[in-house]
Amino acid sequence: MVEVSVIIPVYNASDYLEESLDCILNQTLDDLEILCVDDGSADNSLDILNDIASRDSRVKVFHQENRGGGAARNVAIPHATGNYIYFMDADDKLKDYALEKCLKISKEKNLDFLLFKAINYAEDTGEYFETDDYSMNEIAEAVGDKVFSYDDLGDLLFKMSVTPWCKFYNRNFVVKSGAKFAEGLIFHDNIFFYDSLFYAERISFLDEVLYIRRRHSASSTGAGDRRYVNYITISDMIWSIFFKHNVFDRYKAELATKKFGVINYWYKNIQEEFKKPYFEEMKRDFERIAEDREFYEYITDDLIDWQRNILDSCLEADIPEEYDLMMENYDLEIENRHLKELLDEPIYKIAASKIRK
């Protein structure tokens, strides 16, 4: 048995694959295996993997028809023999001491999983930049280097990155939790993360950047293409996991805010040619919520006006253009309301009276 199993889903990653694999093969920790799952690549990724595997016995290659990164990870997990599992993406980079450091901390603290920071690398400009999602500074400040569980985080739970590549997992914990990645969908990591999070009793945070996430046009969460309709399905699956672990009521307000806000965000940002099918799926999803009036009231009880407006406008509209007009009218109403409140302030009343004179 090796110490660490590194799982890498691979899809059309030939431009970056060797560089990313080098980051793992050249780790200061040598006692590892690398499980690469080619997800039906149309380029020469599989040839590159087979060539590397022929030169390094730590590399094992699997192949499947294209089913997405979630399915690729699920395929590899049962083949992992390491005491710990690390999930790497095929176009990113990891600092060469990362696995050794994560292993040391995880063993010392007997962790279910270790969380650490990542930084973005903009391929077009060569610049490195931080984002709140991957820096998780609020989490770092709240927990320090203590061992914690989701129960200690409160609302900060939603400030934790769901991405698998900034976590270092105990393999036995992963197996016992039974957590799986959603298959055939983008945003599939949400499902694995939340399911495993609620099982975990011993988590710790390493306040250090170990992972470099490459940002480029081919990234799986780049431009808003047809796949972004998937988020509507994923949002329902997230709700199901919170129900499964009997914590939905505790986080209801945040879950409703996240669902309606993010669904509307992707509607606004999806490519124009996919707006109609996205709207139709959004409407079907919201209609399912509205069918049970008691559940509808339960869900919307904590929504602020603009979130409730997203839900109600979509339910009322028949076509995307009608929904767009309703949202625009709502924005105008809010602007007018703010303007009226501003004009009602004493200083503006005085100015207005002088102008009238």
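Relevant structure appears above.
In this convention, every chain numbers its residues from 1, walking through the sequence in written order. Only residues with pLDDT of at least 70 are given local features in this predicted model, and only at 80 or more are side-chain atom pairs given and counted; all residues enter the totals for whole chains, interfaces and linings. Side-chain calculation: all heavy atoms of the structure are included, whereas hydrogens and water are not.

## Observations concerning the packing of helix H11 (residues 275-291) against helix H12 (residues 293-300)
Quick note on the threshold: Axis lines are fitted to C-alpha atoms, over the contacting stretch for helices. Their N-to-C directions set the angle, which ranges from 0 to 180 degrees. Here a helix means four or more residues in a row that DSSP labels H or I, a strand means two or more in a row labelled E, and each is numbered from the N terminus. Note that the term roughly parallel is reserved for angles under 35 degrees, roughly antiparallel for angles over 145, roughly perpendicular for angles of 65 to 115, and oblique for everything else. Residue contacts are counted whenever heavy atoms from the two residues lie within 4.5 Å of one another. Three classes are used: nonpolar for Ala, Val, Leu, Ile, Met, Phe, Trp, Tyr, Cys and Pro, charged for Asp, Glu, Lys and Arg, and polar for all others, with Gly counted as polar.
Remark: H11 packs on H12, axes separated minimally by 5 Å, with the N-to-C direction vectors making an angle of 110°. On the basis of their axis angle, the class for H11 and H12 is roughly perpendicular. Packed against H11, whose contacting residues are Ile 289, Ala 290 and Glu 291, the element H12 presents Arg 293, Phe 295 and Tyr 296 at the interface. For the contact of H11 with H12, a count of residues per class yields four nonpolar, no polar and two charged.

## Digging into empty space enclosed by the protein
Left-over empty space is what a probe sized like a water molecule reveals as it rolls over the atoms. The test is simple: Grid points spaced at 1 Å over the protein atoms alone were grouped into cavities, where a 1.4 Å probe fits but cannot get out, and pockets, open sets with protein on both sides within 12 Å along at least five of seven lines, with lining residues defined by an atom within 4 Å of a point. Grid points are joined across faces, edges and corners, and a volume is the space filled by probe spheres set on the points.
Tallied over the entire structure, the rule returns one cavity of 30 Å³ or more. In this structure, the largest cavity encloses a volume near 30 Å³. Residue lining of the largest cavity: Tyr 231, Ser 235, Ile 238, Trp 239, Leu 255, Lys 258 and Lys 259, and that is the complete set. Broken down by secondary-structure element, the contributors of at least two residues to the lining of the largest cavity are helix H9 (230-244) and helix H10 (252-269). Take the lining of the largest cavity: its biggest share by element is four residues, from H9.

## Section: the pattern of salt bridges
When their charged atoms lie close together, side chains carrying opposite charge are able to pair. Selection rule: A carboxyl oxygen of Asp or Glu within 4 Å of a side-chain nitrogen of Lys or Arg is what we treat as a salt bridge. Relative accessibility decides the category of a residue: with a 1.4 Å probe and only protein chains considered, values under 20% of the type maximum give buried, values over 50% give exposed, and everything between is partly exposed.
This model, assessed by the stated rule, comprises 27 salt bridges. In this structure, the salt-bridge partner of Glu 208 is Lys 101, at a minimum N-O distance of 2.5 Å. Taken together, the residues Glu 208 in strand S9 (residues 203-215) and Lys 101 in helix H4 (residues 98-109) connect sequence positions 107 residues apart. Here Asp 236 ties to Lys 259 by a salt bridge, and the two come within 2.7 Å at their closest N and O atoms. Of the two residues, Asp 236 is situated in helix H9 and Lys 259 in helix H10; the sequence distance between them amounts to 23 residues. The exposure class of Asp 236 is partly exposed, given its relative accessible area of 25%. Put simply, Asp 236, Lys 259, Glu 281, Arg 284, Asp 285 and Arg 288 are held in one network by salt bridges that share partners.

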